[in-house]
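A closer look at the structure
The chain contents come next:
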Amino acid sequence: MEFAIQFTNTLFDLLSIAIIARILMSWFRASRHGRLYQFINDVTEPMIRVAKKITPRTGMLDFSPLIALIGLDIIQAIFIRILLQI
């Protein structure tokens, strides 16, 4: 059981790091054709897409990565709670 909890925590931590990396890469002139950029974009795009659907438009600011991070934390807490009940 402890392995499943640790695995879940590690998985969600890696997804959060990927979203933060995507945010940082959007601030700098990173090559959008590089393998690292493509990998991070492919991993985070489904979460960001869902967050964009529920986030109101705020002009130039995009809060969807923040909403995705909050959503990941909520889902992680739910998974951990379920694993603890098993």
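Our structure is the block above this text.
Residues numbered from 1 in each chain as written. Predicted model: local features only at pLDDT ≥ 70, side-chain atom pairs only at ≥ 80, totals over all residues. Heavy atoms only, no water.

Let's shift gears to the environment of Val50. Considering the arrangement of structural elements, one finds Val50 in helix 2 (residues 35-54). For Val50, a relative accessible area of 51% translates into the label exposed. Along the sequence, Val50 and Ile67 sit 17 residues apart, while their C-alpha atoms lie 9.3 Å from each other. (Helix = DSSP H or I, 4+ residues; strand = E, 2+ residues; numbered from the N terminus. Buried < 20%, exposed > 50% of the residue type's maximum accessible area, 1.4 Å probe, protein only.)

The next thing to look at is the nonpolar core. Here is a general trend for soluble globular proteins: nonpolar side chains tend to be buried in one another's company. Formed by Phe12, Leu15, Ile19, Met47, Ile48, Ala51, Ala68, Leu69 and Leu72, the largest nonpolar core amounts to nine residues. Elements with a minimum of two residues in this core: helix 1 (2-27), helix 2 and helix 3 (64-85). With residues up to four places along the chain from it excluded, the contact list for Leu69 reads Ser16, Ile19 and Ile20. (Core = buried A, V, L, I, M, F, W, Y, C linked by side-chain atoms within 4.5 Å. Contact = heavy atoms within 4.5 Å.)

Between helix 1 and helix 2, the least distance of the axes is 9 Å, while the angle of their chain directions is 110°. With respect to helix 2, the axis of helix 1 lies roughly perpendicular. Seen from above, helix 1 lies across helix 2 with left-handed handedness. For the pair helix 1 and helix 2, the contacting residues are Leu15, Ala18, Ile19, Ala21, Arg22 and Met25 in the first and Tyr37, Ile40, Asn41, Val43, Thr44, Glu45, Met47 and Ile48 in the second. Class assignment of the residues belonging to the contact of helix 1 with helix 2 gives a composition of ten nonpolar, two polar and two charged. (Axes fitted to C-alpha atoms, helices over the stretch in contact; angles between N-to-C directions. Parallel < 35°, antiparallel > 145°, perpendicular 65-115°, else oblique. Left-handed = near helix turned anticlockwise from the far one by under 90°. Nonpolar A, V, L, I, M, F, W, Y, C, P; charged D, E, K, R; others polar.)

With that settled, the discussion passes to helix 3. Because an α-helix packs 3.6 residues into every turn, residues spaced three or four apart end up facing the same way. The terminal C-alpha atoms of helix 3, which comprises 22 residues, lie 32 Å apart, in line with the 32 Å expected from a rise of 1.5 Å per residue. Here helix 3 has its buried residues at Ser64, Pro65, Ala68, Leu69, Leu72, Gln76, Ile80 and Leu83. Down the axis, helix 3 shows its buried residues gathered within 145° of arc, on one side only. Away from its buried face, by an angle of more than 90 degrees, helix 3 presents the exposed residues Arg81 and Gln85. (Expected span 1.5 Å × (residues − 1). Arc of directions from axis to C-beta.)

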